[in-house]
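# Structural characterization, general
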Amino acid sequence: MATVLDSVRAFFAHAAFTIDQENAGDVVARERLLDRVMGEARFRKSSEKLRCGRLPAEGLALVARDVDGHVIGTVRLWNVEAGVDADGNAVPALLLGPLAVDCQHEGKGIGGALMRAAITEARDRGHGAVLLVGDPEYYERFGFFAAKAQHLVMPGPFERRRFLALELKDNWLDGAAGLLVASGRRRVMPATRKAA
């Protein structure tokens, strides 16, 4: 991961941001950023059903930081099963989202840098495909297309034209059909104390 992040940092050295792994200290800043950019509606999306109670895929929670170290962008990828193949075996994949950039920093290439870093890291970690729900006009430049996800469905309402996939390994989604199901690590909630 360090090599990927170093190359992204070098490429964007002229820019006023860096891409880094998300850490525990970023949680509050990330949630506030998502609240500002996406609002409460983000919790009603079909993608949220796959993220709820789960941890992001190992090494695939990234943030963009400004020169002062503040979180100004975020992207996470989540482990899912992308339906089943022709033999009935689950097809492992990743679900990307949410991708968000602070409104005051739009137009600086931060979203694109986060996407490229996330895709590169997912490929380097051996993942076969990434799926997302988003505007094709934005995501097609990264290789995401609806045709690759045509036989898959989200666990709730979604727009078919906005359900996109990118194969990181050739033909990974060939024959995959069915419902996306969360398959990642579960988030362990701290135990609460009972009143004595």
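Read on for an overview of the structure. Since we're looking at a predicted model, the values are computed, not measured.

### A closer look at the overall build of the chain
- Each helix and strand in the chain was counted, giving 5 helices and 9 strands.
- Along the chain, from the amino end to the carboxyl end, the secondary structure elements read α-β-α-α-β-β-β-β-α-β-α-β-β-β.
- Relative to its 196 residues, the chain shows a buried fraction of 44%.
- Restricting the contact set of the chain to residue pairs at least 6 apart, pairs at least 24 apart contribute 68%.
- Approximately 10,400 Å² of the chain is accessible, and the part contributed by carbon and sulfur atoms is 53%.

### A word on the nonpolar core
- Membership of the largest hydrophobic core comes to 29 residues, with the highest contact counts inside it found for Ile-19, Leu-77, Leu-96, Leu-114, Met-115, Tyr-139 and Phe-144.
- Those elements giving two or more residues to this core turn out to be β1 (17-21), β2 (61-66), β3 (71-84), β4 (90-96), α4 (110-124), β6 (129-133) and β8 (163-167).
- No other element matches the 8 residues that α4 contributes to this core.
- If we skip the residues at most four places from it in the chain, Met-115 touches Leu-96, Leu-99, Leu-132, Tyr-139, Phe-142 and Phe-144.
- Judged by nonpolar contacts, the second largest core, of 18 residues, contains Leu-50, Ala-93, Leu-152 and Ala-176.

### With respect to the pattern of salt bridges
- All told, the structure shown has 14 salt bridges when counted by the stated rule.
- For Glu-22, the salt bridge is made with Arg-30, and the minimal N-O distance between the two is 2.8 Å. With respect to class, Glu-22 is no different from Arg-30; both count as buried.
- Of the charged contacts in the structure, one is a salt bridge between Arg-161 and Glu-137, with a shortest N-O distance of 2.6 Å. With Arg-161 in the loop between β7 (152-153) and β8 and Glu-137 in helix α5 (residues 136-139), this residue pair connects regions lying 24 residues apart in the sequence.

### Here we look at a nonpolar patch on the surface
- Together, Val-153, Leu-179 and Val-181 give the surface a local cluster of nonpolar side chains, amounting to about 200 Å² of exposed area.
- Take Val-181: it is sitting in strand β9 (residues 177-182).

### Some details on α4
- Compared with an ideal rise of 1.5 Å per residue, which puts 15 residues at 21 Å, α4 spans 21 Å between its outermost C-alpha atoms and is within 8% of the ideal.
- The element α4 is extensively covered by neighbouring structure, given that 11 of its 15 residues are classed as buried.
- For α4, the set of buried residues is Ile-110, Gly-111, Gly-112, Ala-113, Leu-114, Met-115, Ala-117, Ala-118, Ile-119, Glu-121 and Ala-122.
- With its phi angle positive at about 90°, Gly-126 sits one or two positions after the end of α4.

### Some words on helix α2 (residues 27-38)
- Between its first and last C-alpha atoms α2 spans 16 Å; for 12 residues at 1.5 Å apiece the expected length is 16 Å, and the two agree.
- Those residues of α2 that sit buried are Arg-30, Leu-33 and Leu-34. Looking straight down α2, one finds that the buried residues subtend no more than 100° of arc, so they occupy a single side.

### Brief notes about the pairing of β3
- When you tally the buried positions in β3, you get 11 out of 14 residues, the bulk of the element.
- Note that β2 and β3 share 5 bridges and pair antiparallel. Its bridge partner lying in β3, Val-63 is registered against Thr-74.
- In this structure, the hairpin formed by β2 and β3 is closed by a connection of 4 residues, where Gly-69 is found at a positive phi of approximately 90°.
- Pairing of β3 with strand β5 (residues 100-101), which is carried by 2 bridges, proceeds in the antiparallel orientation. Across the sheet, the residue bridging to Thr-74 is Ala-100, located in β5.

What counts, and at which threshold
Residues numbered from 1 in each chain as written. Predicted model: local features only at pLDDT ≥ 70, side-chain atom pairs only at ≥ 80, totals over all residues. Heavy atoms only, no water. Helix = DSSP H or I, 4+ residues; strand = E, 2+ residues; numbered from the N terminus. Buried < 20%, exposed > 50% of the residue type's maximum accessible area, 1.4 Å probe, protein only. Contact = heavy atoms within 4.5 Å. Areas by Shrake-Rupley, 256 points an atom, 1.4 Å probe, with all protein chains shown as cover. Core = buried A, V, L, I, M, F, W, Y, C linked by side-chain atoms within 4.5 Å. Salt bridge = Lys/Arg side-chain N within 4 Å of Asp/Glu carboxyl O. Patch = residues over 30% accessible without salt bridge, like charges linked within 9 Å, V, L, I, M, F, W, Y side chains within 5 Å. Expected span 1.5 Å × (residues − 1). Arc of directions from axis to C-beta. Pairing = 2+ DSSP bridges.

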